[in-house]
Amino acid sequence: MFITPAFAAGGAAPAGFDLMGFLPMIVIFVLFYFLMIRPQQKRMKETQKMLSEIQKGDEVVTQGGIIGRVAKVSEQYLTVEIANGVEINVQRGAVSAKLEKGTLKSL
């Protein structure tokens, strides 16, 4: 009927905050931030800068793989000339890369 003192003392949880229990979680979050989140934010910032700097005459590649020269620039859309007399309208966000001048001639 009676509980022995040694058995009763072992079931009590220690009072207070256990930092060592949360340390692995904190380390994982810090690693996740520096290996995943921060590089993605840097890449997104570079892409936004590239999209805002597109001008008439720049050679670009769309996400669909179409290569052409920018003929007209508006706030949300670009008109890209993909062949002589053939122009298409694309959204600014659909541009994946800006090519160096003269790339179209080498293709």
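Residues numbered from 1 in each chain as written. Predicted model: local features only at pLDDT ≥ 70, side-chain atom pairs only at ≥ 80, totals over all residues. Heavy atoms only, no water.

> What is the right way to read the pairing of strand 2 (residues 67-73) from this model?
Note on strand geometry: in a regular strand, side chains alternate between the two faces of the sheet. When strand 1 (residues 59-62) meets strand 2, the two strands line up antiparallel, connected through three bridges. Considered in strand 2, the bridge of Val-61 is made with Ile-67. Linkage of strand 1 to strand 2, two consecutive antiparallel strands, is achieved through a turn of four residues, within which Gly-65 is found at a positive phi near 95°. Inspection of the sheet shows strand 2 paired to strand 3 (residues 77-83) by four bridges, in the antiparallel sense. Within strand 3, the position partnered with Val-70 by the bridge is Val-80. (Pairing = 2+ DSSP bridges. Helix = DSSP H or I, 4+ residues; strand = E, 2+ residues; numbered from the N terminus.)

> Can you help me understand the packing of aromatic side chains in this one?
Think of a pair of aromatic rings as described by two things: how far the centres are apart, and how the planes are tilted against each other in angle. A complete count under the given rule lists one aromatic pair for this structure. Ring geometry for Tyr-33 against Phe-34: centres 5.2 Å apart, planes inclined by 80°, an arrangement best described as edge-to-face. Tyr-33 sits in the partly exposed class, given a relative accessible area of 31%. (Phe/Tyr/Trp six-rings, centres within 6.5 Å; stacked < 30°, edge-to-face > 60°. Buried < 20%, exposed > 50% of the residue type's maximum accessible area, 1.4 Å probe, protein only.)

Treat this as a map of the structure, not an account of what it does.
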